[in-house]
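What follows is the residue order along each chain.
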Amino acid sequence: MIYLDHNATTPLDPRVLDAMMPFLTDRFGNAASRHHSLGCDAATATETARQQVASTIGADPREIVWTSGATESDNLALQGVVNSPVYRKRHLITVATEHRAVLDTCEALEHRGVAVTYLPVDAHGRLDLGQLADAITDQTLLVSVMHANNETGVIHPIGEIGGICRERGVLFHTDATQSFAKQPIDVHSMHIDLLSASGHKIHGPKGVGLLYLRRRDPRVRCQGLLYGGGHERGLRSGTLNVPSIVGMGLAATLPHGSGIGALRDRLERGLLSRLPGVEVNGLSADRLATTANVSFADVDGATLMKRMPDLAVSSSSACTSALLQPSYVLGAMGCDEDRARGSIRFSLGRFTTAEEIELALDTVVEAVTELRAADD
Ligand SMILES: *Cc1c(COP(=O)(O)O)cnc(C)c1O
């Protein structure tokens, strides 16, 4: 099996597993039970991890809230800020190509009387920052724009967006799940007030994530979603998932892998040169080095994937492909339905090799050629 679906999830780095193992066995204490050494040990381990993830984005460890993953972080960011009694403003701005965790939360908030502006993107998935600035009103509480898109890898200029938000006195949240620990992020120079990330997208464990919440200039007010023991400064009740937190902490410090961009380029160039009717979605935009979103004319992505059982890729977004609808992300980029249906996302990881890319190329070229021939 050649695994090129790292934007959906990544295999655990063996070093991360090694770091987690003691906390799945002997060192099983509850990080809230600080009256004995097992509990203290667990608490210390989660604080070390908090420092590791905080330093990855230039934050203070006290600004990190552990969650169950980026879906929860996005929910906590948007609902938590809207629910805070401190804020009266009732308008949010986001983008049509955000992850469903953001879009569905926004829709739910609309049912509760919050106005939401969904900004469009151009054919390459890029935002118009002038349009973003124009959308801000005196009612705007928060702008939520993802750093890198999970389907196309397109990177938004979050530093510039943060600058606009800061200047206008609006909070800025970014879903950085795909870029965290891969792209340089500095919450101060980029004026980020809230940031979501997840363990399992960075060769860490599933079921753990974080929300960064700025403590000063401005201090972000956020209301927890869960009632309970008041863990994480009241923002996220529930016993800490110590092994996974330890794993995510270490995962955040590991180098992402330097040759990935060259492998991705090799894959794209190979497809473009060996097959007609191939288009790379988001080609002209700034993109993550890990992601190639490619449309094959006259081919259905789901059918193509069935022809390649030994190649793990994704058509549309893994999270929504159960719906069998063409990708709303590509739709927002103006792709017609056929082009969107004929798209495959290849996403590479730390352990992807040149041999795997060559094999994947041969597999895709053969399958596309056969499918097109069968249609004629
Ligand atoms: C994967 C992903 C999520 C969801 O993360 P989970 O930790 O699986 O809940 C949210 N946003 C983006 C951009 C993602 O890629």
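Residues numbered from 1 in each chain as written. Predicted model: local features only at pLDDT ≥ 70, side-chain atom pairs only at ≥ 80, totals over all residues. Heavy atoms only, no water.

### Structural notes on the domain arrangement of the chain
And step 1. The domain architecture assigned to the chain consists of domain 1 (2-8 + 257-375) and domain 2 (14-253).
And step 2. Relative placement of domain 1 and domain 2: their C-alpha centres are 28 Å apart.
And step 3. Here domain 1 and domain 2 share an interface that buries about 2300 Å² over both sides, 55% of which is from carbon and sulfur atoms.
And step 4. In terms of surface lost to domain 2, no three residues of domain 1 exceed Leu288, Tyr328 and Met333, which account for 26% of the buried area on that side. (Domains from an automatic or database assignment. Buried area = accessible area lost by both parts, 1.4 Å probe.)

### Section: unusual backbone geometry
And step 1. That bond from Asp217 to Pro218 is cis: its omega, -5 degrees, falls within 30 degrees of zero.
And step 2. One can find Pro218 in the loop between strand S8 (209-213) and helix H7 (242-253).
And step 3. Its identity as a non-glycine residue notwithstanding, Arg233 has a phi of 55 degrees, on the positive side.
And step 4. Relative to the helices and strands, Arg233 resides in the loop between S8 and H7. (Helix = DSSP H or I, 4+ residues; strand = E, 2+ residues; numbered from the N terminus.)

### With respect to the packing of helix H3 (residues 70-83) against helix H4 (residues 100-111)
And step 1. Remark: H3 packs on H4, axes separated minimally by 9 Å, with the N-to-C direction vectors making an angle of 30 degrees. By the angle between their directions, the pair H3 and H4 is classed as roughly parallel. Here the hand of the crossing between H3 and H4 comes out right-handed. Side by side, H3 and H4 meet where Thr71, Asp74, Asn75, Leu78, Gln79 and Val82 of the first sit next to Ala101, Val102, Thr105, Cys106 and Leu109 of the second.
And step 2. A breakdown of the residues in the contact of H3 with H4 according to their chemical character gives 6 nonpolar, 4 polar and 1 charged. (Axes fitted to C-alpha atoms, helices over the stretch in contact; angles between N-to-C directions. Parallel < 35°, antiparallel > 145°, perpendicular 65-115°, else oblique. Left-handed = near helix turned anticlockwise from the far one by under 90°. Contact = heavy atoms within 4.5 Å. Nonpolar A, V, L, I, M, F, W, Y, C, P; charged D, E, K, R; others polar.)

### As for the pattern of salt bridges
And step 1. For the structure shown, the criterion picks out 21 salt bridges.
And step 2. The partner of Glu268 in a salt bridge is Arg264, with the nearest N and O atoms 3.9 Å apart. In this pair, Glu268 and Arg264 both sit in helix H8 (residues 260-274), 4 residues apart, roughly one turn of the helix.
And step 3. One network of salt bridges, in which partners are shared, links Arg264, Asp265, Glu268 and Arg287. (Salt bridge = Lys/Arg side-chain N within 4 Å of Asp/Glu carboxyl O.)

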